[in-house]
Amino acid sequence: MKVLLVFAHPEPRSLNGALRDVAIRELEAQGHEVRVTDLYADGWKAEVDRADFPAWPPEARFLPAGASKKAFATNTLTEDVKAEIDKLLWADTLILQFPLWWYAMPAILKGWVDRVYAYGFAYGVGEHSDKRWGDRFGEGTLAGKRAMLIVTAGGWEEHYSARGVNGPIDDLLFPINHGILYYPGYDVLPPFVVYRVDRFGEADFEPVAERLRERMRTLETIWPIPYRQQNGGDYHIPGMQLRPELGDPGATGFALHEDRATAKSATPRSTLRDVA
Ligand code: FAD
């Protein structure tokens, strides 16, 4: 397997740095090839602006999506973005690793997504019509690949439980798992989350490291989150609403977009691919 780990922490000697090294060592011990994008170490430019699109006419009003579409189509994206796109195409599996900052990913990682997910590459792919709303949410350029998050959080697991004050962790991570990873086609694996890390001591590290090694050993076989495919018949197109007969009656919210009922009897697509 080829694994790309995108790392978003400013300090290599951090807990995140130590967990990253554990993950890489285990993946390499399993015979996988690993590449790392270390955003702070690389001095990654996080903001989207005109400088990203040298071919966009300086006198024209700047349209971020339009400029992205043109630059991707004409191969005039900046070299740093092209290099990340090449890595995404190279990798079978993508790991995004970050500390939870203000209930979200650090800005530098969001900026990686904003810049690397070009129009025509990660969005704006496929037929857009009244019958089909593009290749996205389970289809798209990165379909057939796997992706997962490694996240550390200061809060306790209970704080992120179903009735916890922070909101359920699956809800907080939904915009990333569903909106950023599933959107361009990835099969999204359950996130690896470490809680209460600010009180971490020496004795706490090894059990977490072992849990992470185990996740790295099962990266190829673990079941993805059973998100519903946009074009698989579960949604009305173009309204994009889940059909009324699906999901628990009266249910609302993010969990509706998981097909938990049939997931147990289905074979994950990536597993089929790996076996083939
Ligand atoms: P570090 O600070 O590097 O380490 C954490 C602890 O682990 C320290 O006690 C350290 O001694 C110990 N440690 C480090 N390495 C090792 C090792 N190898 N072996 C043993 N022990 C080790 N938390 C939330 O839950 N929700 C939020 O919304 C949130 N927002 C935040 C916003 C900001 C701007 C910041 C700075 C923090 C926020 N936090 C939040 C807390 C944040 O998630 C944690 O501080 C972060 O996840 C810790 O990860 P780290 O890699 O920086 O840990």
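These numbers come from a predicted model, not from an experiment.

The rules behind these values
Residues numbered from 1 in each chain as written. Predicted model: local features only at pLDDT ≥ 70, side-chain atom pairs only at ≥ 80, totals over all residues. Heavy atoms only, no water. Helix = DSSP H or I, 4+ residues; strand = E, 2+ residues; numbered from the N terminus. Buried < 20%, exposed > 50% of the residue type's maximum accessible area, 1.4 Å probe, protein only. Contact = heavy atoms within 4.5 Å. Near = heavy atom within 4 Å. Polar contact = N/O pair within 3.5 Å; in protein donor to acceptor, adjacent residues only side chain to side chain. Areas by Shrake-Rupley, 256 points an atom, 1.4 Å probe, with all protein chains shown as cover. Phe/Tyr/Trp six-rings, centres within 6.5 Å; stacked < 30°, edge-to-face > 60°. UniProt positions renumbered as here; feature names shortened; annotations may be inferred.

## Structural notes on the environment of A91
Tracing the chain through its elements places A91 in the loop between α3 (79–90) and β3 (93–99). Accessibility expressed as a relative area gives 3% for A91, which makes it buried. It is 19 Å that separates the C-alpha atoms of A91 and V22, two residues lying 69 residues apart in sequence. Contact partners of A91, with chain neighbours within four places excluded, come to K2, V3, L4 and K145.

## Examining the site of the ligand
Contacts to the ligand come from 20 residues, most closely from H9, N16, W102, T152 and Y160. A distance of 2.9 Å is found between an oxygen atom of the ligand and a backbone nitrogen or oxygen belonging to L15. In this structure, an oxygen atom belonging to the ligand sits 3.1 Å away from a main-chain N or O atom of F200. Across the complex, the protein chains shield 68% of the 980 Å² of accessible surface that the ligand would expose by itself.

## A few points about the packing of aromatic side chains
Ring pairs (aromatic) are described by centroid distance and by the angle formed between their planes. With the rule as written, the count across this model stands at nine aromatic pairs. Judged by centre distance (6.0 Å) and plane angle (45°), the rings of F72 and F121 are tilted. Of this pair, F72 sits in helix α2 (residues 64–73) while F121 is found in the loop between α4 (107–116) and β4 (146–152), placing the two residues 49 residues apart along the sequence. For F72, a relative accessible area of 29% corresponds to the partly exposed category. For F121, a relative accessible area of 2% gives the class buried. Measuring from ring centre to ring centre gives 5.0 Å for F137 and Y183, while their planes differ by 70°; the resulting arrangement is edge-to-face. On the criterion of sequence distance, the pair formed by F137 in the loop between α4 and β4 and Y183 in the loop between α5 (169–182) and β5 (187–188) is long-range, its members being 46 residues apart. Each residue in the set F137, F174, Y182, Y183, Y227 and F254 is aromatic and connected to the rest through ring pairs, giving one cluster.

## Things to note about the UniProt feature "domain: Flavodoxin-like fold" (unreviewed entry) in the chain
According to UniProt, the positions carrying the feature "domain: Flavodoxin-like fold" (unreviewed entry) are residues 1–216. Summarising residues 1–216: 35% helix, 14% strand, and an end-to-end C-alpha distance of 11 Å.

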